[in-house]
Amino acid sequence: MAKKLIFSCLMLLFPISILAQKSVLFDFSKNSKDEEIPFRIEKEGIVLEFSTRSKKLYSPKCSVINGCPCVRLVSDSLLTIKGVSCEITSVVFSIVDDKKRLRVYDDDDKMSISKEKKGRKEFYRQEWEGNKQSISFTPTTAKGSFITSINVTYKPVRPIETTENTVSIDISAAKRATFYYGDKSFVIPKGVIARTYKIVDNVLSVSKTYQENDVLPSGTAVVLEAEEGNYLFKETTKEGERDTSNALRGSDVDAETDGGALYYVFAKGSNGVGFYWNKPDGKAFQTKAHKAYLVYTPTVATQAKSNFTFDISLGINSTTVSDDVHQCCPIYNLAGQQVSKDYKGIIIVGGKKYLNR
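Residues numbered from 1 in each chain as written. Predicted model: local features only at pLDDT ≥ 70, side-chain atom pairs only at ≥ 80, totals over all residues. Heavy atoms only, no water.

Student: Honestly, the pattern of salt bridges in this entry has me stumped. Any pointers?
Tutor: Opposite charge on two side chains makes pairing possible when the charged atoms of those side chains draw close. Counted under the stated rule, the structure contains 13 salt bridges. Its salt-bridge partner being Lys100, residue Asp97 comes within 2.9 Å of it at the nearest N-O pair. A residue is classified by how much of its surface remains accessible, and Asp97, at 23% relative accessible area, is partly exposed. Accessibility expressed as a relative area gives 16% for Lys100, which makes it buried. As a salt-bridge pair, Arg195 and Glu225 come within 3.0 Å of each other at their nearest N and O atoms. Within this pair, whereas Arg195 is found in strand E17 (residues 193–200), its partner Glu225 is found in strand E20 (residues 222–225), the two being separated by 30 residues in sequence. For Arg195, a relative accessible area of 9% corresponds to the buried category. Via salt bridges that share partners, Arg40, Glu42, Glu49 and Lys82 belong to a single interconnected network. (Salt bridge = Lys/Arg side-chain N within 4 Å of Asp/Glu carboxyl O. Buried < 20%, exposed > 50% of the residue type's maximum accessible area, 1.4 Å probe, protein only. Helix = DSSP H or I, 4+ residues; strand = E, 2+ residues; numbered from the N terminus.)

What follows is the structure, given as structure tokens:
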């Protein structure tokens, strides 16, 4: 009887898990030759962005290859697919020529290819599978790639859950997330570090760090660092220590970013996890409630960067280096140059990375 009950419960849960997956199709087969495609297309919570590898957005043109309308990605192109409050689980490309394939840009994942027929026309299918909120693809050859359609499967990301005195938040495999509450202070839970950031000399760097049992003040936008999992933030009446140099901002509701000249969204891009322009030239965008974004007002317009990545990686062993370590091994910077023990920044000692302040 117990086995039958368990089986019945599983049968009820199974279709629910299937229904959680959704898909959206971007079909370019009806476009005209030389027609421009917008550099940003959003459909049902999935965003396509066309850019160069230097992250400059552009509008690609349609071509007709062997009688098949398609979008041509030139060799220097990036096609970034983003999920808005959802996680991408698979991307299926239909391409015209098997010699002009696509690959994952940031980690060189190889995608299998197979031939398929639609009527009298032959196409090739390439598929990526995984779990990411943002992923970029680029052509494998100098001749680019020709895409007739893109089918994206995705699932909703579990939102921040709240109770009367706590907030539960998921940290993804990226081991980082952003966090903001305008009118509540929280105690940092075990296993979590929260950091504010500032921009000095056009470089993003840590401004203040909150560790286990520290109070995160209300109105403080931070980047959380932790192993993948779910963490419970308990509300407190204590005020905590604020950071006036913090360049991160947030909102308690979905709203347009403000407070600076340029705006950056937290994402995993071509240079890793960090903050990237969400719109051309760093213009304001719609931010999600309780998420942090980065604002920047450069003194010279030409200094503007399209992205900032973190100066501290999770692989760095410590923020201080002991004298014993200094004396036993030579010290190198990230460029491989030997430096003195007074050098400030990320150093390599004995094959390990340290942050020397």
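Having put the structure on the table, let's press on.
Student: It is not clear to me how the side chain of Arg176 should be interpreted in this structure. Could you clarify?
Tutor: As for its position among the elements, Arg176 is in strand E15 (residues 176–179). For Arg176, the side chain forms a polar contact with the side chain of Glu225, separated by 3.4 Å. (Polar contact = N/O pair within 3.5 Å; in protein donor to acceptor, adjacent residues only side chain to side chain.)

Student: Sorry if this is basic, but what is going on with the sheet that holds strand E18 (residues 203–210) here?
Tutor: Strand pairs in the sheet, formed through backbone hydrogen bonds, run parallel or antiparallel to each other. Spatially, 4 strands are ordered E15-E20-E17-E18 in an open sheet, and the strand pairing comes out antiparallel. Every interior strand has two partners, whereas the edge strands, E15 and E18, have only one. Strand-to-strand, the axes of this sheet are offset by a mean angle of 40°, without reference to chain direction. As defined by bridge partners, E15 adjoins E20 across 4 bridges and the pair is classed as antiparallel. Note on E20: the bridge partner recorded for Arg176 is Glu225. (Pairing = 2+ DSSP bridges. Axes fitted to C-alpha atoms, helices over the stretch in contact; angles between N-to-C directions.)

Student: Whenever I open this one, the sheet that holds strand E11 (residues 134–139) confuses me. Can you help?
Tutor: The strand order across the open sheet built from 5 strands is E2-E3-E6-E11-E8, with neighbouring strands paired in antiparallel fashion. Only two strands of the sheet have a single partner each, and these edge strands are strand E2 (40–43) and strand E8 (102–104). When the angles between neighbouring strand axes are averaged without regard to direction, this sheet yields 25°. Across 4 bridges, the pairing between strand E6 (residues 77–83) and E11 is antiparallel.

Student: Please explain the nonpolar core as it appears in this structure.
Tutor: Burial of nonpolar side chains together is a common tendency in soluble globular proteins. Counting 29 residues, the largest nonpolar core has Phe26, Ile46, Leu79, Ile81, Phe93, Phe137 and Ile150 as its most contacted members. In terms of residue count, strand E7 (residues 86–95) provides more of this core than any other element does, 5 residues in total. Aside from chain neighbours lying at most four places away, what touches Phe137 is Ser77, Leu78, Leu79, Ile81, Val91, Phe93, Arg103, Val104, Tyr105, Met111 and Trp128. Grouped together as the second largest cluster of nonpolar side chains are 19 residues, Tyr180, Val206, Ala221 and Leu262 included. (Core = buried A, V, L, I, M, F, W, Y, C linked by side-chain atoms within 4.5 Å. Contact = heavy atoms within 4.5 Å.)

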